[in-house]
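Inside the fold
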Amino acid sequence: MKTTNTFHAYLNSEDTELNESSTFSEMKNIFKNNTRVLFSEKTNPMTKKSGLKITVDDVYNISAYFDSGSNVEQDFSDIQDEPNRSSNKRLRVIFSDDPNNDFDDIVVILLDYMTKLKDVVVYNPTQEKIVFDAREE
């Protein structure tokens, strides 16, 4: 059975420097000297939203999407219980199935990037749990 793993990085709403362009540029920059990694644009077939497709070794795919707005605010509100805390921006990163863990290095690098974003909360919707909260570090 194929499974994917998804992480949502809820971003500080007040950080005007974090947007789709800047996060995708930073992700590309992380791998700029890595010949195993290729980037292309990807369109989500359901939402028609464009995103970043990361292909590793021509076989492993990662999709990244940047979401904003009231839907993100509601999702963030649903996963945490601090009424004075909100987020209306999210980076969603979807990792393909990797049964042999051949691409763990790439996954770790991207998760590390997400946890270093200012005031970020990283949530795993599959496990339905917050896996990183910058306020607790």
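The structure we're discussing is the one just above.
What comes next concerns the included structure. (Residues numbered from 1 in each chain as written. Predicted model: local features only at pLDDT ≥ 70, side-chain atom pairs only at ≥ 80, totals over all residues. Heavy atoms only, no water.)

1. A few points about the overall build of the protein chain
Heads up, the rule is: Where helices and strands are cited, they refer to DSSP runs of H or I of at least four residues and of E of at least two residues respectively, numbered from the N terminus. The globule rule used here is 2.2 Å times the number of residues to the 0.38 power, and the radius of gyration it is set against is calculated over C-alpha atoms. A simple rule labels every residue: compare its accessible area, found with a 1.4 Å probe on the protein chains alone, to the largest value its type can have, and call it buried under 20%, exposed over 50%, or partly exposed in between. Contacts are assigned to residue pairs that have any heavy atoms within 4.5 Å of one another. In this count, Lys and Arg are taken as positive residues and Asp and Glu as negative ones, while His and the chain termini are left out. Where a charge lies is defined by one atom per residue type, namely NZ (Lys), CZ (Arg), CG (Asp) and CD (Glu).
Each helix and strand counted, the protein chain has three helices and seven strands in total. What you see in the protein chain, going N to C, is helices and strands ordered as β-α-β-β-β-α-β-α-β-β. Here the C-alpha radius of gyration of the protein chain, 15 Å, is about what a compact globule of 137 residues would show, namely 14 Å. Projected onto the principal axes, the alpha-carbon positions of the protein chain cover approximately 45 × 35 × 30 Å. For the protein chain, buried positions account for 40% of its 137 residues. In the protein chain, the proportion of contacts linking residues at least 24 apart, taken out of those at least 6 apart, comes to 63%. In the protein chain, 16 positive and 25 negative side-chain charges are present, and the distance between their average locations comes to 5 Å.

2. Concerning the pattern of salt bridges
Put simply, the rule reads: A pair is scored as a salt bridge if a Lys or Arg side-chain nitrogen falls within 4 Å of a carboxyl oxygen belonging to Asp or Glu.
The full count for this structure, using the stated rule, is 10 salt bridges. Between Arg-90 and Asp-75 there is a salt bridge; the shortest N-O distance is 2.7 Å. Placement of the pair is Arg-90 in strand β5 (residues 89–95) and Asp-75 in helix α2 (residues 70–79), with a sequence separation of 15 residues. When its relative accessible area of 8% is taken as the criterion, Arg-90 is described as buried. Salt-bridge contacts for Arg-135 lead to Glu-82; the nearest nitrogen and oxygen are separated by 3.0 Å. Remark: Glu-82 occurs in the loop between α2 and β5 and Arg-135 occurs in the segment after β7 (129–133); sequence separation between them is 53 residues. Residue Arg-135 is classed as exposed on the basis of its relative accessible area of 52%.

3. Notes on the packing of aromatic side chains
Spelled out, the test is: Within 6.5 Å between ring centres, the rings of Phe, Tyr and Trp (the latter by its six-membered ring) count as paired, and their orientation is classed by plane angle as stacked under 30 degrees, edge-to-face over 60, tilted in between.
A complete count under the given rule lists four aromatic pairs for this structure. With 5.1 Å between their ring centres and 40° between their planes, Tyr-10 and Phe-76 make a pair best called tilted. Taken together, the residues span a long stretch of sequence, with Tyr-10 in strand β1 (residues 5–11) and Phe-76 in helix α2 at a distance of 66 residues. Take Tyr-10 and Phe-76: they sit in the same class, and that class is buried. Taken together, a centroid distance of 6.5 Å and an interplanar angle of 45° make the contact between Phe-31 and Phe-39 tilted. For Phe-31, a relative accessible area of 3% translates into the label buried.

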